[in-house]
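In case you want the letters, here they are:
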Amino acid sequence: MNVNRERIMQRIDAFAGFNDNDDGGISRFSYGRADADARAWLMQICRELKLQVTVDPVGNIRACYEGVDSSLMPVLVGSHIDSVRNGGKYDGIVGVVGAMEVLTVMRENNCLPRRSVELIIFAEEEGSNFGTTMVGSKTLIGKLSADDLRHLHTEDKRTCLEILEKSGLDPGKMKDFVLKPGDIEAMLELHIEQGIVLEQEKKRLGVVQAIAGMTTMEVTVCGTSNHAGATPMYLRNDPMSAAAVLIEDIEDIAANHVLESTVATVGSISCRPNMPNVIPGEVTFTIDIRDIEQDAIEKTVAQITSCAEKISQERKVMIRFRTIGSSKPIRLSPRIMDTVKRAVSSCSDSWMVMNSGAVHDAAMMASITDVGMIFVPSVGGKSHNPEEYTDPSDIALGCQALLLAVTELCV
Ligand code: HGY
Ligand code: MN
Ligand code: MN
């Protein structure tokens, strides 16, 4: 059986058409208009493939290709369709279209797998609405409860519950959908690497062995708001300058004082009252800390908070931290890695075993089943921006490897 490269690229381009943005990149937040249109289009194709489509109370989609023996647990294959703001057209979508292609080819060949194969689309993987990544998969495995969702809100204070209910979803019913160990045979996710390793190593496919963990924190620096012109420098408790010093320390800690694999990013910042002629009263920013080793993440947090204490005393500002979300690093299942290695080696000898610096829903699903991931190269290592690009021949190769891996697991 072979995947159809032209159909794969047509579907990737079709998803790019579902976009709430008109300035170059893709913005398709879960529960938004473009997301709703993309989901409707995807579910239509699933119905045409005679798959049984279900949407759970937080918006995860599952489309089942019935297996012969219903007593066997299914194999899941999929990814996410939501995006960051002004992102690229391949993040998540390559895995979704890859999974669609697997089920399409199976249907075209009248496959009768022993186990059912389910396409799965996770809602709110990017966390673009609420700042917490992987909300769909975290609720699916019971890591987030309906009650936890009550505390999630958008920048303009719309609550997660409000947004889900507006989309016709009822997260209170999620407990009937939570998956536990033994419910699923395995899960596979094809994804763009979003880094530069495959390109540097001149490899076309990656077999993922570990996925980084992450801690996302919100930092609030409180000082004294005052007149920008009449307040002499020696009389200021300026939270913006204090934040600037701390942000520089954050970069230095991650770059030089933990592990080579440690990364930390200040990706969003705001201040109040946010006026050119007013010394701010308060500055708030986020830190996204990641590593393959959990103790490196904890060490980074500890060093950042001790720098903050020093700055707080020297500059007479108050600095407080709030953890917005976290996920531990995971090692992927050796059993599934072997399946993936067999699949990729049948497609090409240009492959390597590697880590993922990005987080993925597969990392959440690893707590209830064995997971495997296949990477395809990101040109220039670019992702989460409109220049994100992967060569169609690499995408088709990744889809072919995914087809072979799924076939091995479900027959
Ligand atoms: O942030 C990430 O690693 C993923 O793209 N959500
Ligand atoms: Mn992704
Ligand atoms: Mn992403």
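Details of the structure are given in the entry above.
Keep in mind that what you see is a predicted model, and the values were worked out from it rather than measured.

S.K.: Help me understand the site of ligand 1, please; the structure alone is not making it clear to me.
M.R.: Close contacts around ligand 1 come from Asp91, Glu125, Glu126, Gln194, Arg290, Ala358, Val359 and His384, and that covers them all. Within the side chain of Glu125, an N or O atom sits 3.1 Å from a nitrogen atom of ligand 1. At a separation of 2.6 Å, an oxygen atom of ligand 1 approaches a polar side-chain atom of Arg290. Out of a free accessible area of 210 Å², ligand 1 has 94% covered by protein chains. For the shell around ligand 1, the per-class residue count stands at 2 nonpolar, 2 polar and 4 charged.

S.K.: Would you explain the side chain of Lys138 in this entry?
M.R.: Along the chain, Lys138 turns up in helix α4 (residues 135-140). One buried charged residue, Lys138, forms no salt bridge at all, with the nearest opposite charge on Asp361 at 8.5 Å. Once residues within four sequence positions are removed from consideration, Lys138 is found in contact with Thr132, Thr133, Lys143, Leu144, Ser326 and Met364.

S.K.: For this particular structure, what's the right way to read the side chain of Arg62?
M.R.: Structurally, Arg62 can be placed in strand β2 (residues 61-65). Arg62 gets classed as buried once you look at its relative accessible area, which sits at 17%. Among the polar contacts made by the side chain of Arg62, one reaches the side chain of Glu118 at a distance of 2.7 Å. When neighbours within four sequence positions are excluded, Arg62 is seen to be in contact with Gln52, Val53, Thr54, Leu76, Glu118, Leu119, Ile120, Leu179 and Ile184.

S.K.: Explanation requested: unusual backbone geometry in the structure shown.
M.R.: Backbone phi values are negative for most residues with the exception of glycine, while trans is the configuration of most peptide bonds. Arg272 connects to Pro273 through a cis peptide bond whose omega is 10°. Within the secondary structure layout, Pro273 lies in the loop between β10 (269-272) and β11 (278-279). Backbone geometry at Lys50 places phi at a positive 55°, although glycine is not the residue there. As for its placement among the helices and strands, Lys50 is situated in the loop between α2 (33-48) and β1 (52-55). The class of Lys50 is exposed, set by a relative accessible area of 65%. Even without glycine at this site, His384 takes up a positive phi of about 60°. Among the structural elements, His384 can be located in the loop between β16 (370-376) and α12 (392-410).

Procedures and definitions
- Chains are numbered independently. Their residues run from 1 in the order of the written sequence.
- Working convention: letters from A go to chains and numbers from 1 go to ligands, in the order in which they are written.
- Confidence filtering applies because this is a predicted model: local features only for residues at pLDDT of at least 70, side-chain atom pairs given and counted only at 80 or more, and all residues used for totals across whole chains, interfaces and linings.
- To obtain the side-chain values, all non-hydrogen atoms of the structure were included, while hydrogens and water were left out.
- The cutoff for a nearby residue is simple: one of its non-hydrogen atoms must lie within 4 Å of the molecule or strand.
- The definition of a polar contact used here is a pair of N or O atoms within 3.5 Å, where within protein one atom must be able to donate a hydrogen and the other to accept one, and adjacent residues in sequence count solely through side-chain atom pairs.
- Residue burial considers only the protein chains on display, and all accessible areas are found by Shrake-Rupley using a 1.4 Å probe.
- Three residue categories are used. Nonpolar comprises Ala, Val, Leu, Ile, Met, Phe, Trp, Tyr, Cys and Pro, charged comprises Asp, Glu, Lys and Arg, and polar comprises the others, including Gly.
- By the criteria applied, helices consist of DSSP H or I runs no shorter than four residues and strands consist of E runs no shorter than two, each listed in order from the N terminus.
- Categorising residues by exposure relies on relative accessible area from a 1.4 Å probe, with only protein chains included: less than 20% of the type maximum marks a residue as buried, more than 50% marks it as exposed, and the intermediate range marks it as partly exposed.
- The charged-residue count follows a simple rule in which Lys and Arg add positive charge and Asp and Glu add negative charge, with His and chain termini not counted at all.
- By salt bridge we mean one thing: a side-chain nitrogen of Lys or Arg within 4 Å of a carboxyl oxygen of Asp or Glu.
- Contacts: residue pairs with any heavy atoms within 4.5 Å of one another.

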